[in-house]
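Next come the chains, spelled out residue by residue.
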Amino acid sequence: MPAHATGEDEQRQAVFQKLKKICVPLLGNSSLTPSSIPNVFRLLVELLNTLDDIGASGFILTPSLISYVFFPISTILRRNPSREIPDQILEKILGILFFLSETWWWDCDIRTWEQVFLLSSAILTGMESKGKGRMRSDETKAAAIQCLLALLRERNGEERIKFRRPPDNERARLLEIQGHIQSAQFIPVLGQTLDSSLMTSTSEHLTLQRRSLQLLELLVRLYLPSGLAPSVLPGVVSTMCKVALGLATSKTSANGEIVAGALAVLRGIIIKAIGDDICVAEGAVRDINDLEDLLQTASDTTGQNSSQNLRLPYTTPRTDSWLRGTASQLHIAINSLTPLISHPNPVALRGLASFSAALVSATSLTLPQTQPLLLSMLLSLSLSDLDSVARLAEGLLVDSLSPSAKVHHALWRALMRMMSDHLAAIPRFLPTHSDAKVEHSARIIEAISRVSHTISGQSTPTGVGAGRGFSSVSSGISKLLGPTGGIEKWGWALLSVLEFLPPTIVIAECQGPQSLLENGPIGVVLTPFPAMTLRNISSRSTFTALERMLRSLGTACGDECLYTVEWFASVGLGGRTIRAVAALWCGSRLLEGVSGVELDRADSMDSISFSRSSRLQKLARILARNVSELWDEVEEGDTDDASNESQLRQDAVQDENMLIEYRKGLIPVSLGRQESNPIFRNAALRPSLHKAVCLQLIALTTGILQSRATPLFVHTLYPVLHSMVSTDAYLAETASVALNFITYSTSFASPSNLVLSNFDYILDAVSRRFTRRWLDMDAAKVLMLLIRLAGRDVVSRAGDVVEECFDRLDEFHGYEIVVEGLLEVLSEVIKVIAADEEAHASKSIEPDFQTSPHRGKERLDAFFTWFHHRHQPLGEDPTDYGPAPRRPWGKDDSTDAERPSAKSPDSTAQPPPTPTQALTKQIVSRSLYFLTHGVPSVRARILLLLSSAVPVLPESALLSSLHHAWPFVLNRLSDAEPYVVSAAAQLIEALTTHVGSFMSRRIWDDAWPRFRTMLNKLETADATNALARRGPNAIGTESAYTHSHRLYRALLRTMTAAIRGVRIEDAAVWDVIMSFRRFLANGAHNELQKCARDLYKAIGKNNEDAVWLVLSATSRTVDDSLGFMLEERWQIETNANIILTELLQDNSSLW
């Protein structure tokens, strides 16, 4: 102890020496003159810095040291009139007093404390310079308020320990100061200080404004007498509302800290002036909770308290009439703070949440009409995008609504009234296009549902379902959405104003399942469902708020909400009107809330770890089957018959109570009979939207059941695939996303795996819709989609598909649209088979029918070698041709042991066809009968189908079928439709490319004469064709999409393939060279010129001399005997030079 005391004494002595060096000269210059002011200012700054250093070192000034420092400061203030002390000197003096007051608060006598308070208050109010026409600067006033804050703020236990004070010393000291301030003599000073602080709180100076609000909060909360609070309430509330809203300054919105400070002052003055406790105590309001309260009210013992308060000056008695008037004014003032909900600063929002929660708990009796307003603020803030604000608001709501809270029952009743009112208001707001009001009501309902869910112990999706303990509001919501909630009343009102429309633009994700139709990626790529729009809503946020509202209602209500889901589903499945679409949409959103599965969030299923109730799963199965049965009905189109129209009118009559109608643009004028019911459009059919919502419901039920949904695929998969081939973009994209969602929900790796696993289900569904009793024109498209989705793996199961297609072709061969659809399916099967690398047949290598590959010198050397040895006898051929007799035919004397034990395999034999090739052969053989079909498009599709099958089949399977069909193919070259002729030419091209030896004689004997005749007819037809090119050297048509152009192109490519793939005859080749010259003209289409160049290059590799002769004789005179070949009008010089140059380069590279 002695050593410790010695150390403190030494430290105290060192501090004293530091202060002495400044205080002594400061005391000597206590009289301010123009010459001493700079020196005094320097000394004050040095003293203030020294005090800061001492405070930073942790040393606590003793009362003696504080008095020592205070003496020169007080001397300056006494010796100099206030008006002669500059603002900068006074500001430093107040800074020193602030530092001293932080420590001196514990020990200074009340007289000294009062003098420092009066000095600071006088500077703030301007009384120290009254009558001199001079006001202190904002910085000086901020320093004075800072000093007042040090004198008034309450100390805590940590500070008591720091300053080594006895227990409860801070409380005793605060009570002493409170008693002095609330004395009758000090009340005027307090009032003046309060008034001045209100004035400075509207200052543009941010520091002054912030400190003024802090001072006001302290004065109102700790020092303002309760009897005086009603007197100052109007002024404080008016000023603080202006400050919070930013109306007191020129800024558009107040600073976040300023808003929070103003709301803290408002909270303190309202609770102290009109709080439940003080008003009950003075008899302005009565709180009756039990019989004892009723007896106490009868005795009326509150008169004494009121008479005691009336003895204090400036007080206002709290009476019934005063309470009614003040409450209405306060309601108006608090209602004006509603724009603060959208304040961007989280500090301001947290301040608003604390303000609302405090008033909800403290003014439930005195401000009953304001409770819904305060609760709506808290509820809106609980849905804030800022996590800190949302967590604070939700926590405050839970504390206020918990059973331990005093106002628990009153707030629950208020919440239920709010929910009923807002739910009833939404149908009124929607027809008026009041997006803001609709969004506000939806958010309030969502917040109430979330809070009730949190309080009931179910803040997470875990445990949603049976066995949950409901809170009071949860029970109220369950009653509202249960069998006794009157869904038939408010449900019809809601459905009558929800008019859904498809989006004007459907944005499909490039990686979504829709890309499967274009041979895109086949993995599971989860994408959101395409959104619908509401006619009466223009804001997307409002639409989202309605969705979240319904989900939150389902989450809060749980299984009790399933009755309402069933009711909405029954209305939605009863028709395809706008009302039915709205009913299914509402039911789906409620079901999302009950189950915890959200279609817009794929991760909602990943975070679910609970077992759903059997009631929910049973309803999901029923809904899945009932919704799927809608695709079993015969579609009658969008037009209505008489009975359907009468039913729509009858349904529309129920909306006659809706008197509000919103119109845009000009008022429509009709000269004929007008509809008596203006809301008849609400009963219009929306089949595409209805199917889209049904698909969402199917996906949702699959997400609920997950792996248990597999048995329902026999019903649910066909509607999804059927919708994917729809011509409606919105419906098709919805079906694509639904298929991906179902794949993800049932844990399949990809939609391809899902389709393959349920291939028989889907094929059976298609077969049932391909009968005379039930014929669905889109069933063939579904079958084609099935092939595309399954991909290569469908080959093993495609036999059933092929048999099904040909059976239906035999049955419906007279229906053009059915035949075309089935042929598309067969073409798709061929494409899938062709894409399989293992499916390609191993064909024998065709011989090169071009001239020997030896060119130039090598060709001559080979000729000379043969010429010199042409008379020499041929030697024994060393080639091994397999087993052969080594002796003359006759009796075989060899023993059985010397005979070969087995027959050697034939190396030239074709390998047996694979199952894939056998399937393709089946398709080809059964397709040949349709080459003579009466519909040209069917004939063209059969030819294209055969063209795609040529690369797949082995020769043994292909040639026998085509040999029988060759006359029919030739007849198609004389078809009346050019595109059929073009398709036949493509088939001949494919055959020439892959089986050239088979086509050798057929090309030159059968095909080429017909080609030559067709060329002559087309040349004659172009002369009268309106689309033909005009000019001296014009050939063909301007467009590349005309039938003649396509036929020209097919002929050129076919002959090019024939030149390259079959044995060439010189006479026929000469005809080819002469017939196709005109396509080298500059006036021909660029595509035809390129095809013609390729043809002549192919001919030139075999007989370049003939090509040179024809091209040269056509463009210029070579010899008189060749004059008949000259055609100067074609101008083929450019293309001829290109062909001859390339042929010359090929020959020179081989020499």
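Rules used in this analysis
- Residue positions are given per chain, counted from 1 along the sequence in the order it is written.
- It should be noted that, the model being predicted, local features are given only for residues of pLDDT at least 70 and side-chain atom pairs only at 80 or more, the latter also being counted only at that level, while totals for whole chains, interfaces and linings use all residues.
- In computing side-chain properties, one takes all heavy atoms of the structure into account and sets aside hydrogens as well as water.
- The secondary structure listing takes helices from DSSP runs of H or I that are at least 4 residues long and strands from runs of E that are at least 2 residues long, numbered from the N terminus.
- Expected helix span is given by 1.5 Å per residue-to-residue step, counting one fewer step than there are residues.
- By the convention used here, residues are in contact when the closest approach between their heavy atoms is within 4.5 Å.
- Note on aromatic contacts: the rings of Phe and Tyr and the six-membered ring of Trp form a pair at centre separations within 6.5 Å, being stacked when their planes are under 30 degrees apart, edge-to-face when over 60 apart, and tilted otherwise.
- Categorising residues by exposure relies on relative accessible area from a 1.4 Å probe, with only protein chains included: less than 20% of the type maximum marks a residue as buried, more than 50% marks it as exposed, and the intermediate range marks it as partly exposed.
- For salt bridges, the criterion is a side-chain nitrogen of Lys or Arg within 4 Å of an Asp or Glu carboxyl oxygen.
- Polar contacts, as counted here, are pairs of nitrogen or oxygen atoms within 3.5 Å of one another; within protein the pair requires one atom able to donate a hydrogen and one able to accept it, and residues that are adjacent in sequence qualify only if both atoms are side-chain atoms.

The protein has the name ARM repeat-containing protein in an unreviewed UniProt entry, where Gloeophyllum trabeum is given as its organism.

(A) Quick look at helix H19 (residues 387-401). The end-to-end C-alpha separation of H19 is 21 Å, in line with the 21 Å expected for 15 residues at 1.5 Å each. Contact partners of the buried residues in H19: helix H17 (346-362), helix H18 (371-381), helix H20 (408-429) and helix H21 (435-455).

(B) Fine view of the packing of aromatic side chains. By the definition in use, this model includes 15 aromatic pairs. A ring pair is formed by Trp1008 and Phe1076, whose centres lie 6.0 Å apart and whose planes are at 35°; its orientation type is tilted. Here the residue Trp1008 occupies a position in helix H42 (residues 996-1022), and Phe1076 occupies one in the loop between helix H44 (1066-1075) and helix H45 (1086-1100), the gap between them amounting to 68 residues. Accessibility expressed as a relative area gives 2% for Trp1008, which makes it buried. Since its relative accessible area comes to 0%, Phe1076 is described here as buried. Taking the centre distance of 6.0 Å and the plane angle of 35° together, the rings of Phe1076 and Phe1079 count as tilted. The exposure class assigned to Phe1079 is buried, which follows from its relative accessible area of 0%.

(C) Just the pattern of salt bridges, in detail. Scanning the model with the defined rule gives 27 salt bridges in all. A salt bridge links Glu282 to Arg318, with the nearest nitrogen and oxygen atoms 2.8 Å apart. Here Glu282, found in helix H13 (residues 276-282), pairs with Arg318, found in the loop between helix H15 (303-310) and helix H16 (320-335); they are 36 residues apart in sequence, far enough to count as distant. Comparing Glu282 with Arg318 shows no difference in burial state: the two are buried. Salt-bridge contacts for Lys1090 lead to Asp1094; the nearest nitrogen and oxygen are separated by 3.4 Å. Note that Lys1090 and Asp1094 are positioned in helix H45 at a spacing of four residues, about one turn of the helix. Relative accessible area serves as the criterion here: at 48%, Lys1090 is assigned to the partly exposed category. Taking the relative accessible area as the measure of exposure, Asp1094 reaches 25% and is therefore partly exposed. A cluster of three or more residues bridged by salt bridges with shared partners is formed by Glu102, Arg153, Arg155 and Glu159.

(D) Main features of H17. Taking 1.5 Å as the rise per residue, H17 with 17 residues should run 24 Å; its terminal C-alpha atoms sit 24 Å apart, in good agreement. Burial in H17 covers these residues: Ala348, Leu349, Gly351, Leu352, Ala353, Phe355, Ser356, Ala357, Leu359, Val360 and Ala362. Looking at the buried side of H17, the elements it contacts are helix H12 (256-274), H13, H16, H18, H19 and H20. The backbone nitrogen of Val347 has a side-chain oxygen 2.8 Å away, supplied by the residue at the start of H17, namely Asn345.

(E) Focus on the environment of Phe500. For Phe500, the position within the fold is in strand E1 (residues 500-501). Looking at Phe500, the relative accessible area reads 0%, which means it is buried. Distance from Phe500 to Leu689, taken between C-alpha atoms, is 7.9 Å for residues 189 residues apart in sequence. The residues touching Phe500, leaving out its near neighbours within four places in the chain, are Met532, Thr533, Leu534, Phe543, Ile578, Val581, Ala582, Trp585, Arg686 and Leu689.

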